[in-house]
Protein chains: 2
Amino acid sequence: MGDYPSPDMADVELVDVLKALGDPVRLRIVDKLADGEPKPKTLDGWGLDLTKSTMSHHFRTLREAGLTRTIVHGRTHAIQLRRDELDQKFPGLIEAVLGER
Amino acid sequence: MGDYPSPDMADVELVDVLKALGDPVRLRIVDKLADGEPKPKTLDGWGLDLTKSTMSHHFRTLREAGLTRTIVHGRTHAIQLRRDELDQKFPGLIEAVLGER
DNA sequence: GCGATAGTTCGATGGCTGTCGAACCATTCG
DNA sequence: CGAATGGTTCGACAGCCATCGAACTATCGC
């Protein structure tokens with residue numbers, strides 16, 4: 001049973017969010033998720049040259065930190081930024097982090 | 001020759017700022033610096049039960065990440081958030097991080 | 001059912017990092 | 001000068017973490 005629980009936003013701590021964002025790979029991933037739409041994990045456009053297992057590790061870290069949710073769809077997974085909830089809990093944070101582009 | 005160089009804000013990378021903030025001790029320190037005033041490193045009010053050397057390590061990390069500057073004043077040091085520069089380079093970030101209090 | 005595909009998990013490895021105590025450095029004050 | 005004070009630096013240590021390859025799980029399509 002593939003089960004990919006995201007924490008309740010009430011339990012999400014700012015410091016853990018910041019720690020998750022304080023890695024170049026994960027910051028990049030979050031950046032690609034900026035528009036709020038779910039993106040397949042297989043996306044070529046991550047622009048990252050990493051193994052499947054390493055990507056999986058980062059996806060998990062983001063999810064457990066409360067930044068993303070995983071949407072299972074058959075044998076493929078999509079990942080989505082929890083934009084609304086994050087904006088409510090940490091106003092301005094996501095926007096600031098996605099800043100310049 | 002006590003020299004405590006802060007990096008040029010132009011060279012400061014967002015991911016390094018986030019990494020520096022992604023630690024409970026340093027997030028706390030930054031929080032205490034919120035008002036922009038220099039605070040003595042000896043401040044009792046940090047609320048942290050750590051050794052001198054450990055505090056020194058965190059102060060250095062914050063400075064090298066571009067978050068703070070050190071002001072030497074005789075044999076005492078003060079630390080100050082680089083609020084204006086940070087606001088200009090990463091609009092909204094500091095405010096979002098200082099959020100709830 | 002069987003092969004292929006999407007993804008996770010596990011174990012190993014090397015590097016980074018938070019913490020401490022002790023030694024050291026610089027400045028002030030008597 | 002000499003002692004006390006504020007801080008840094010160094011070495012050691014333990015725990016964490018990014019990365020990889022290999023093994024495993026589950027689903028789709030023939």
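Residues numbered from 1 in each chain as written. Chains lettered and ligands numbered in written order. Predicted model: local features only at pLDDT ≥ 70, side-chain atom pairs only at ≥ 80, totals over all residues. Heavy atoms only, no water.

- As recorded in an unreviewed UniProt entry, chain A goes by the name ArsR/SmtB family transcription factor, listed as coming from Promicromonospora kroppenstedtii.

Some details on the protein's contact with DNA strand C
Working step 1: Taken together, 20 residues are adjacent to DNA strand C, and Lys 41, Thr 42, Lys 52 and Ser 56 of chain A together with His 58 of chain B come closest.
Working step 2: Between DNA strand C and Ser 56 of chain A, the relevant distance is 2.7 Å, taken from a phosphate oxygen to a side-chain nitrogen or oxygen of the residue.
Working step 3: Here Arg 75 of chain A contributes a backbone N or O atom positioned 3.3 Å from a sugar or linking oxygen of DNA strand C.
Working step 4: Those elements giving two or more residues to the surface near DNA strand C turn out to be helix 3 (52-65) and strand 3 (76-81) of chain A together with helix 3 (52-65) of chain B. (Near = heavy atom within 4 Å. Polar contact = N/O pair within 3.5 Å; in protein donor to acceptor, adjacent residues only side chain to side chain. Helix = DSSP H or I, 4+ residues; strand = E, 2+ residues; numbered from the N terminus.)

Some points on the protein's contact with DNA strand D
Working step 1: For DNA strand D, the set of nearby residues contains 22 residues, the closest of which are His 57 and His 58 of chain A together with Lys 41, Thr 42 and Ser 56 of chain B.
Working step 2: In DNA strand D, the atoms that sit within 4 Å of the protein are 67% sugar and phosphate, with bases accounting for the remainder.
Working step 3: One of the side-chain nitrogen or oxygen atoms of Lys 52 of chain B is found 2.7 Å away from a base nitrogen of DNA strand D.
Working step 4: Put simply, the parts of the chain that give the surface near DNA strand D at least two residues each are helix 2 (24-32) and helix 3 of chain A together with helix 3 and strand 3 (76-81) of chain B.
Working step 5: Per-class residue counts for the surface near DNA strand D are four nonpolar, 11 polar and seven charged. (Nonpolar A, V, L, I, M, F, W, Y, C, P; charged D, E, K, R; others polar.)

Thoughts on the interface of chain B and chain A
Working step 1: Opposite the 17 residues of chain B that make contact, chain A presents 17 residues.
Working step 2: Here chain B meets chain A over a buried area of about 1,200 Å², counting both sides, of which 74% is carbon and sulfur.
Working step 3: When the buried area of chain B at its contact with chain A is split by residue, Val 15, Leu 18 and Ala 96 of chain B rank highest and sum to 35% of it.
Working step 4: If you look at where chain B meets chain A, you find zero salt bridges.
Working step 5: Breaking the side of chain B that touches chain A down by element, the ones donating at least two residues are helix 1 (14-21), helix 2 (24-32) and helix 5 (93-98) of chain B.
Working step 6: Among the residues forming the side of chain B that touches chain A, the class breakdown is 11 nonpolar, two polar and four charged. (Contact = heavy atoms within 4.5 Å. Buried area = accessible area lost by both parts, 1.4 Å probe. Salt bridge = Lys/Arg side-chain N within 4 Å of Asp/Glu carboxyl O.)

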